[in-house]
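Each chain, written out:
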Amino acid sequence: MSPIHQTILNKKTSNPPIWIMRQAGRYLPEFRNIRKENPDFIKLCLNESLSSEITLQPLKRFKLDAAIIFSDILMIPYALDQKVEFKKNFGPILGDFDFNHSSQISEEKFFNNLKPVYNAINLVSKNELLKEKNTIGFVGAPWTLLVYTINKQSPKKNINKDFFKNDLLIKDILNLLIKFTKIHIKNQVEAGANLIQIFDSWAGLLEKSDYDKYIYNPTLELVNYVKTLKVPVICFPRGIKDYKSYCEIVKPDAVNIDYDVDPHEIKKLIKIPIQGGLDPKMLLTDKDNLKKEVNKYLEIFKDHPYIFNLGHGVLPETNPDMVEYLVNIVKDYK
Ligand code: CP3
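A few points on the structure. This is a predicted model, so every value here is computed, not measured.

Describing the nonpolar core
Inference 1: F110, W143, F308 and L326 are the most contacted members of the largest nonpolar core, which has 121 residues in total.
Inference 2: Per element, the largest residue contribution to this core is eleven residues, and it comes from helix α10 (residues 167-191).
Inference 3: Excluding its chain neighbours within four sequence positions, the residues that come into contact with F308 are P16, P17, I18, W19, G276, L278, V294, Y297, L298, L326 and V330.

Following this line, the structure appears as C-alpha coordinates:
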(Lines give C-alpha, C1' and ligand atoms only; values in the text may rest on other atoms or scores of the structure.)
Protein backbone atom coordinates (compact mmCIF):
# COMPACT_ATOMS: atom_id res chain seq x y z
CA MET A 1 0.00 0.00 0.00
CA SER A 2 1.25 3.52 -0.78
CA PRO A 3 2.47 5.66 2.14
CA ILE A 4 -0.34 8.18 1.55
CA HIS A 5 -3.01 5.47 1.65
CA GLN A 6 -1.42 4.08 4.81
CA THR A 7 -1.50 7.49 6.47
CA ILE A 8 -5.12 8.01 5.49
CA LEU A 9 -5.96 4.65 7.08
CA ASN A 10 -4.27 5.88 10.27
CA LYS A 11 -1.39 3.46 9.90
CA LYS A 12 1.97 4.62 11.15
CA THR A 13 4.61 5.27 8.47
CA SER A 14 8.30 5.78 9.29
CA ASN A 15 8.07 9.40 8.17
CA PRO A 16 5.20 11.40 6.72
CA PRO A 17 4.54 11.03 2.99
CA ILE A 18 4.89 14.20 0.95
CA TRP A 19 3.58 15.82 -2.21
CA ILE A 20 3.34 19.52 -3.04
CA MET A 21 0.43 21.50 -4.42
CA ARG A 22 1.37 22.89 -7.85
CA GLN A 23 4.44 20.65 -7.83
CA ALA A 24 4.29 20.61 -11.64
CA GLY A 25 4.49 24.22 -12.67
CA ARG A 26 6.29 27.43 -13.39
CA TYR A 27 9.03 27.16 -10.74
CA LEU A 28 10.54 24.30 -12.78
CA PRO A 29 12.69 25.39 -15.78
CA GLU A 30 11.75 22.19 -17.61
CA PHE A 31 8.09 23.20 -17.32
CA ARG A 32 8.79 26.75 -18.50
CA ASN A 33 10.57 25.31 -21.55
CA ILE A 34 7.48 23.39 -22.59
CA ARG A 35 5.16 26.27 -21.69
CA LYS A 36 7.17 28.68 -23.87
CA GLU A 37 6.36 26.59 -26.92
CA ASN A 38 2.71 26.15 -25.87
CA PRO A 39 1.12 29.54 -25.25
CA ASP A 40 -2.41 28.12 -25.05
CA PHE A 41 -2.73 26.66 -21.53
CA ILE A 42 -5.93 24.70 -22.18
CA LYS A 43 -4.43 23.14 -25.28
CA LEU A 44 -1.42 22.13 -23.22
CA CYS A 45 -3.69 20.46 -20.65
CA LEU A 46 -5.31 18.59 -23.56
CA ASN A 47 -2.01 17.36 -24.99
CA GLU A 48 -1.72 14.00 -23.25
CA SER A 49 1.89 13.37 -24.10
CA LEU A 50 3.03 16.79 -22.82
CA SER A 51 0.67 16.92 -19.83
CA SER A 52 1.79 13.48 -18.67
CA GLU A 53 5.42 14.50 -19.13
CA ILE A 54 4.85 17.69 -17.09
CA THR A 55 3.06 15.68 -14.39
CA LEU A 56 6.12 13.46 -14.02
CA GLN A 57 8.72 16.26 -14.05
CA PRO A 58 8.72 16.85 -10.27
CA LEU A 59 8.85 13.10 -9.60
CA LYS A 60 12.04 12.83 -11.62
CA ARG A 61 13.66 15.46 -9.43
CA PHE A 62 12.29 14.87 -5.93
CA LYS A 63 11.37 11.93 -3.71
CA LEU A 64 7.65 12.69 -3.80
CA ASP A 65 4.93 10.19 -2.88
CA ALA A 66 2.37 11.28 -5.45
CA ALA A 67 1.86 12.81 -8.86
CA ILE A 68 -1.00 15.25 -9.36
CA ILE A 69 -2.22 15.33 -12.90
CA PHE A 70 -1.30 18.46 -14.82
CA SER A 71 -4.72 19.93 -15.56
CA ASP A 72 -6.90 22.64 -14.04
CA ILE A 73 -10.13 22.98 -12.09
CA LEU A 74 -11.42 25.17 -14.94
CA MET A 75 -11.39 22.24 -17.37
CA ILE A 76 -14.97 21.56 -16.24
CA PRO A 77 -16.37 24.93 -17.37
CA TYR A 78 -14.25 24.52 -20.50
CA ALA A 79 -15.79 21.10 -21.22
CA LEU A 80 -19.24 22.64 -20.67
CA ASP A 81 -18.41 25.04 -23.53
CA GLN A 82 -17.79 28.12 -21.39
CA LYS A 83 -14.91 30.07 -22.89
CA VAL A 84 -11.80 29.80 -20.67
CA GLU A 85 -8.52 31.62 -21.32
CA PHE A 86 -5.44 32.24 -19.23
CA LYS A 87 -3.86 35.63 -19.53
CA LYS A 88 -0.24 36.10 -18.56
CA ASN A 89 0.21 37.84 -15.18
CA PHE A 90 -3.55 38.01 -14.73
CA GLY A 91 -4.99 34.50 -14.47
CA PRO A 92 -8.13 32.97 -15.92
CA ILE A 93 -10.69 34.92 -17.95
CA LEU A 94 -13.97 33.20 -18.73
CA GLY A 95 -16.82 33.99 -21.08
CA ASP A 96 -20.49 34.02 -20.09
CA PHE A 97 -21.93 30.74 -18.83
CA ASP A 98 -24.80 29.74 -21.07
CA PHE A 99 -26.91 27.51 -18.85
CA ASN A 100 -29.38 26.52 -21.55
CA HIS A 101 -26.58 25.36 -23.79
CA SER A 102 -24.39 23.74 -21.13
CA SER A 103 -27.25 21.81 -19.55
CA GLN A 104 -27.81 20.08 -22.91
CA ILE A 105 -24.29 18.66 -23.05
CA SER A 106 -24.26 14.89 -22.78
CA GLU A 107 -22.02 12.86 -20.52
CA GLU A 108 -20.45 11.37 -23.63
CA LYS A 109 -19.68 14.76 -25.16
CA PHE A 110 -18.18 15.91 -21.85
CA PHE A 111 -16.02 12.77 -21.72
CA ASN A 112 -14.81 13.35 -25.25
CA ASN A 113 -14.00 17.00 -24.53
CA LEU A 114 -11.68 15.90 -21.71
CA LYS A 115 -10.46 12.58 -23.09
CA PRO A 116 -6.77 13.66 -23.24
CA VAL A 117 -6.86 14.42 -19.49
CA TYR A 118 -8.05 10.87 -18.80
CA ASN A 119 -5.49 9.43 -21.20
CA ALA A 120 -2.75 11.37 -19.40
CA ILE A 121 -3.89 9.98 -16.04
CA ASN A 122 -3.74 6.52 -17.52
CA LEU A 123 -0.21 7.04 -18.83
CA VAL A 124 1.04 8.54 -15.56
CA SER A 125 -0.53 5.91 -13.30
CA LYS A 126 1.23 3.14 -15.24
CA ASN A 127 4.65 4.79 -15.13
CA GLU A 128 7.47 3.10 -13.19
CA LEU A 129 7.97 6.31 -11.18
CA LEU A 130 4.56 5.78 -9.59
CA LYS A 131 5.07 2.30 -8.23
CA GLU A 132 3.64 2.20 -4.67
CA LYS A 133 2.74 5.88 -5.06
CA ASN A 134 -0.44 7.82 -5.74
CA THR A 135 -1.82 9.36 -8.89
CA ILE A 136 -3.98 12.22 -7.72
CA GLY A 137 -7.01 13.32 -9.68
CA PHE A 138 -8.69 16.55 -8.63
CA VAL A 139 -11.65 18.84 -9.02
CA GLY A 140 -12.66 22.28 -7.82
CA ALA A 141 -15.40 22.23 -5.20
CA PRO A 142 -18.80 23.35 -6.54
CA TRP A 143 -18.58 26.69 -4.71
CA THR A 144 -15.18 27.56 -6.20
CA LEU A 145 -16.32 26.56 -9.69
CA LEU A 146 -19.47 28.63 -9.24
CA VAL A 147 -17.29 31.62 -8.38
CA TYR A 148 -15.39 31.24 -11.65
CA THR A 149 -18.40 30.54 -13.86
CA ILE A 150 -20.24 33.61 -12.58
CA ASN A 151 -17.43 36.02 -11.65
CA LYS A 152 -15.52 35.01 -14.81
CA GLN A 153 -12.14 35.70 -13.22
CA SER A 154 -10.46 35.20 -9.84
CA PRO A 155 -12.21 37.33 -7.23
CA LYS A 156 -10.10 39.98 -5.53
CA LYS A 157 -10.93 40.08 -1.82
CA ASN A 158 -14.70 39.89 -2.03
CA ILE A 159 -17.24 38.89 -4.60
CA ASN A 160 -19.44 41.43 -6.26
CA LYS A 161 -22.78 42.07 -4.47
CA ASP A 162 -24.64 41.24 -7.69
CA PHE A 163 -23.20 37.73 -7.54
CA PHE A 164 -26.17 36.20 -5.72
CA LYS A 165 -28.88 38.27 -7.37
CA ASN A 166 -30.30 35.51 -9.59
CA ASP A 167 -30.91 32.87 -6.96
CA LEU A 168 -32.72 30.40 -9.22
CA LEU A 169 -30.06 30.48 -11.91
CA ILE A 170 -27.32 30.04 -9.31
CA LYS A 171 -29.07 26.98 -7.97
CA ASP A 172 -29.35 25.50 -11.45
CA ILE A 173 -25.70 26.22 -12.28
CA LEU A 174 -24.54 24.80 -8.96
CA ASN A 175 -26.48 21.56 -9.56
CA LEU A 176 -25.12 21.27 -13.08
CA LEU A 177 -21.58 21.76 -11.78
CA ILE A 178 -22.13 19.08 -9.13
CA LYS A 179 -23.42 16.66 -11.77
CA PHE A 180 -20.44 17.12 -14.08
CA THR A 181 -17.92 17.23 -11.26
CA LYS A 182 -19.08 13.75 -10.23
CA ILE A 183 -18.69 12.58 -13.82
CA HIS A 184 -15.20 14.11 -14.00
CA ILE A 185 -14.23 12.38 -10.74
CA LYS A 186 -15.53 9.02 -11.99
CA ASN A 187 -13.69 9.38 -15.31
CA GLN A 188 -10.42 10.21 -13.52
CA VAL A 189 -10.76 7.21 -11.18
CA GLU A 190 -11.56 4.90 -14.08
CA ALA A 191 -8.47 6.23 -15.87
CA GLY A 192 -6.22 5.34 -12.92
CA ALA A 193 -6.43 8.10 -10.28
CA ASN A 194 -6.28 6.45 -6.85
CA LEU A 195 -6.81 9.56 -4.74
CA ILE A 196 -9.01 12.61 -5.27
CA GLN A 197 -8.39 16.10 -3.94
CA ILE A 198 -11.20 18.66 -3.86
CA PHE A 199 -9.99 22.27 -3.96
CA ASP A 200 -12.33 24.85 -2.44
CA SER A 201 -9.94 27.74 -2.99
CA TRP A 202 -12.59 30.42 -2.39
CA ALA A 203 -14.25 28.93 0.71
CA GLY A 204 -12.82 31.90 2.61
CA LEU A 205 -15.08 34.35 0.76
CA LEU A 206 -18.28 33.15 2.39
CA GLU A 207 -19.88 33.92 5.73
CA LYS A 208 -20.70 31.00 8.02
CA SER A 209 -24.42 31.46 7.34
CA ASP A 210 -23.79 30.50 3.68
CA TYR A 211 -21.72 27.40 4.40
CA ASP A 212 -24.61 24.89 4.39
CA LYS A 213 -25.90 25.91 1.01
CA TYR A 214 -22.65 26.51 -0.87
CA ILE A 215 -19.98 24.51 0.90
CA TYR A 216 -21.22 21.75 3.19
CA ASN A 217 -24.11 20.29 1.17
CA PRO A 218 -22.46 20.33 -2.28
CA THR A 219 -19.10 19.08 -1.00
CA LEU A 220 -20.69 16.35 1.12
CA GLU A 221 -22.47 15.13 -1.98
CA LEU A 222 -19.13 14.86 -3.80
CA VAL A 223 -17.32 13.27 -0.86
CA ASN A 224 -20.03 10.62 -0.50
CA TYR A 225 -19.79 9.98 -4.21
CA VAL A 226 -15.99 9.54 -4.14
CA LYS A 227 -16.38 7.10 -1.26
CA THR A 228 -18.62 4.87 -3.43
CA LEU A 229 -15.70 4.67 -5.90
CA LYS A 230 -13.47 3.26 -3.14
CA VAL A 231 -10.71 5.86 -3.37
CA PRO A 232 -9.82 8.28 -0.58
CA VAL A 233 -10.72 11.96 -0.82
CA ILE A 234 -8.82 14.93 0.60
CA CYS A 235 -10.58 18.28 0.89
CA PHE A 236 -8.96 21.72 0.95
CA PRO A 237 -11.46 24.38 2.07
CA ARG A 238 -8.93 27.23 1.89
CA GLY A 239 -9.59 30.03 4.33
CA ILE A 240 -12.73 28.47 5.87
CA LYS A 241 -13.43 29.92 9.30
CA ASP A 242 -14.30 26.62 10.97
CA TYR A 243 -12.25 23.58 9.90
CA LYS A 244 -13.66 21.49 12.74
CA SER A 245 -17.32 21.75 11.68
CA TYR A 246 -16.27 21.29 8.07
CA CYS A 247 -14.60 17.96 8.90
CA GLU A 248 -17.49 16.79 11.05
CA ILE A 249 -20.10 17.58 8.41
CA VAL A 250 -18.29 16.84 5.14
CA LYS A 251 -16.24 13.90 6.52
CA PRO A 252 -13.38 13.78 4.02
CA ASP A 253 -10.74 11.08 4.52
CA ALA A 254 -8.18 13.84 5.17
CA VAL A 255 -8.18 17.63 5.25
CA ASN A 256 -5.59 20.04 3.88
CA ILE A 257 -5.06 23.07 6.11
CA ASP A 258 -4.05 26.51 4.84
CA TYR A 259 -1.09 28.46 6.22
CA ASP A 260 -3.25 30.69 8.43
CA VAL A 261 -4.30 27.68 10.50
CA ASP A 262 -2.47 27.27 13.82
CA PRO A 263 -1.13 23.69 13.62
CA HIS A 264 -1.11 23.21 17.44
CA GLU A 265 -4.76 24.19 17.71
CA ILE A 266 -5.99 22.20 14.73
CA LYS A 267 -4.30 19.04 15.95
CA LYS A 268 -6.35 19.23 19.13
CA LEU A 269 -9.58 19.94 17.25
CA ILE A 270 -9.46 17.49 14.35
CA LYS A 271 -9.31 13.72 14.56
CA ILE A 272 -8.96 12.84 10.86
CA PRO A 273 -5.61 12.78 8.99
CA ILE A 274 -4.25 16.24 8.21
CA GLN A 275 -2.30 17.40 5.17
CA GLY A 276 -0.32 20.56 4.48
CA GLY A 277 -0.01 23.87 6.26
CA LEU A 278 3.47 25.20 5.54
CA ASP A 279 3.41 28.71 4.09
CA PRO A 280 4.75 28.51 0.50
CA LYS A 281 6.58 31.80 1.16
CA MET A 282 8.93 29.88 3.48
CA LEU A 283 10.44 28.39 0.33
CA LEU A 284 11.49 31.92 -0.64
CA THR A 285 13.55 32.43 2.53
CA ASP A 286 16.78 30.60 3.39
CA LYS A 287 17.55 26.98 4.18
CA ASP A 288 17.95 27.48 7.94
CA ASN A 289 14.60 29.14 8.24
CA LEU A 290 12.93 26.60 5.98
CA LYS A 291 14.33 23.76 8.07
CA LYS A 292 13.03 25.33 11.25
CA GLU A 293 9.54 25.78 9.81
CA VAL A 294 9.40 22.28 8.28
CA ASN A 295 10.53 20.74 11.55
CA LYS A 296 7.83 22.67 13.38
CA TYR A 297 5.10 20.91 11.35
CA LEU A 298 6.88 17.53 11.59
CA GLU A 299 7.16 17.79 15.38
CA ILE A 300 3.60 19.00 15.94
CA PHE A 301 2.12 16.22 13.80
CA LYS A 302 4.50 13.43 14.80
CA ASP A 303 1.73 11.62 16.68
CA HIS A 304 -1.07 12.47 14.22
CA PRO A 305 -1.60 10.95 10.76
CA TYR A 306 0.00 13.61 8.59
CA ILE A 307 0.77 14.09 4.90
CA PHE A 308 3.35 16.80 4.35
CA ASN A 309 2.30 19.55 1.91
CA LEU A 310 2.02 23.32 1.74
CA GLY A 311 -0.79 25.62 2.86
CA HIS A 312 -1.31 26.66 -0.79
CA GLY A 313 0.46 26.07 -4.12
CA VAL A 314 4.21 26.46 -4.58
CA LEU A 315 4.97 29.97 -5.88
CA PRO A 316 6.40 30.41 -9.41
CA GLU A 317 9.45 32.32 -8.07
CA THR A 318 10.52 29.36 -5.87
CA ASN A 319 14.02 27.96 -6.37
CA PRO A 320 13.74 24.20 -7.09
CA ASP A 321 16.78 23.63 -4.81
CA MET A 322 14.65 24.78 -1.87
CA VAL A 323 11.95 22.27 -2.82
CA GLU A 324 14.56 19.53 -2.95
CA TYR A 325 15.87 20.60 0.44
CA LEU A 326 12.34 20.53 1.89
CA VAL A 327 11.54 17.08 0.50
CA ASN A 328 14.80 15.69 1.88
CA ILE A 329 14.12 17.05 5.38
CA VAL A 330 10.77 15.28 5.41
CA LYS A 331 12.23 12.06 3.99
CA ASP A 332 15.11 12.02 6.51
CA TYR A 333 12.90 12.82 9.51
CA LYS A 334 13.26 10.26 12.28
O1 CP3 B 1 0.82 20.57 -9.98
C2 CP3 B 1 -0.41 20.70 -9.71
O3 CP3 B 1 -0.82 21.06 -8.61
C4 CP3 B 1 -1.42 20.23 -10.75
C5 CP3 B 1 -1.97 21.18 -11.59
C6 CP3 B 1 -2.95 22.26 -11.14
C7 CP3 B 1 -3.07 23.45 -11.86
N8 CP3 B 1 -4.14 24.14 -11.37
C9 CP3 B 1 -2.21 23.86 -12.99
C10 CP3 B 1 -2.09 25.28 -13.32
C11 CP3 B 1 -3.92 22.27 -10.13
C12 CP3 B 1 -4.19 21.25 -9.04
C13 CP3 B 1 -4.67 23.46 -10.30
C14 CP3 B 1 -5.83 23.81 -9.46
C15 CP3 B 1 -6.41 25.16 -9.55
N16 CP3 B 1 -6.57 25.94 -10.67
C17 CP3 B 1 -7.02 25.83 -8.46
C18 CP3 B 1 -7.13 25.29 -7.06
C19 CP3 B 1 -5.87 25.43 -6.28
C20 CP3 B 1 -5.52 26.87 -5.96
O21 CP3 B 1 -4.48 27.31 -6.50
O22 CP3 B 1 -6.23 27.50 -5.20
C23 CP3 B 1 -7.48 27.07 -8.95
C24 CP3 B 1 -8.17 28.15 -8.13
C25 CP3 B 1 -7.20 27.12 -10.35
C26 CP3 B 1 -7.54 28.20 -11.31
C27 CP3 B 1 -6.33 28.78 -11.91
N28 CP3 B 1 -5.53 28.16 -12.85
C29 CP3 B 1 -5.76 30.04 -11.66
C30 CP3 B 1 -6.28 31.06 -10.65
C31 CP3 B 1 -4.63 30.16 -12.48
C32 CP3 B 1 -3.75 31.37 -12.67
C33 CP3 B 1 -2.92 31.69 -11.51
C34 CP3 B 1 -1.79 30.71 -11.35
O35 CP3 B 1 -1.68 30.14 -10.26
O36 CP3 B 1 -1.02 30.57 -12.28
C37 CP3 B 1 -4.48 28.96 -13.17
C38 CP3 B 1 -3.42 28.61 -14.14
C39 CP3 B 1 -2.61 27.40 -13.85
N40 CP3 B 1 -3.11 26.19 -13.46
C41 CP3 B 1 -1.20 27.28 -14.00
C42 CP3 B 1 -0.88 25.96 -13.67
C43 CP3 B 1 0.49 25.33 -13.71
C44 CP3 B 1 -0.28 28.36 -14.50
C45 CP3 B 1 -0.37 28.41 -15.97
C46 CP3 B 1 0.81 29.09 -16.59
O47 CP3 B 1 1.81 28.41 -16.85
O48 CP3 B 1 0.69 30.29 -16.85
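A few points about the side chain of N15
Inference 1: Structurally, N15 can be placed in the loop between α1 (3-8) and α2 (29-37).
Inference 2: A polar contact of 2.4 Å, which involves the side chain of N15, links it to the backbone oxygen of K331.
Inference 3: When sequence neighbours within four positions are dropped, the list of residues in contact with N15 reads V330, K331, D332 and Y333.

Brief notes about the site of the ligand
Inference 1: Not every one of the 23 residues close to the ligand is listed here, only the nearest: R22, R26, R35, D72 and S201.
Inference 2: Within the side chain of H312, a nitrogen or oxygen atom sits 2.8 Å from an oxygen atom of the ligand.
Inference 3: Here the ligand has 860 Å² of accessible area as a free molecule, and 87% of this is covered by the chains.
Inference 4: Every element with two or more residues in the shell around the ligand is listed here: α2 and β3 (91-94).
Inference 5: Partitioned by chemical class, the residues of the shell around the ligand number 13 nonpolar, six polar and four charged.

Criteria and cut-off values
- Residues numbered from 1 in each chain as written.
- Predicted model: local features only at pLDDT ≥ 70, side-chain atom pairs only at ≥ 80, totals over all residues.
- Heavy atoms only, no water.
- Core = buried A, V, L, I, M, F, W, Y, C linked by side-chain atoms within 4.5 Å.
- Buried < 20%, exposed > 50% of the residue type's maximum accessible area, 1.4 Å probe, protein only.
- Helix = DSSP H or I, 4+ residues; strand = E, 2+ residues; numbered from the N terminus.
- Contact = heavy atoms within 4.5 Å.
- Polar contact = N/O pair within 3.5 Å; in protein donor to acceptor, adjacent residues only side chain to side chain.
- Near = heavy atom within 4 Å.
- Areas by Shrake-Rupley, 256 points an atom, 1.4 Å probe, with all protein chains shown as cover.
- Nonpolar A, V, L, I, M, F, W, Y, C, P; charged D, E, K, R; others polar.

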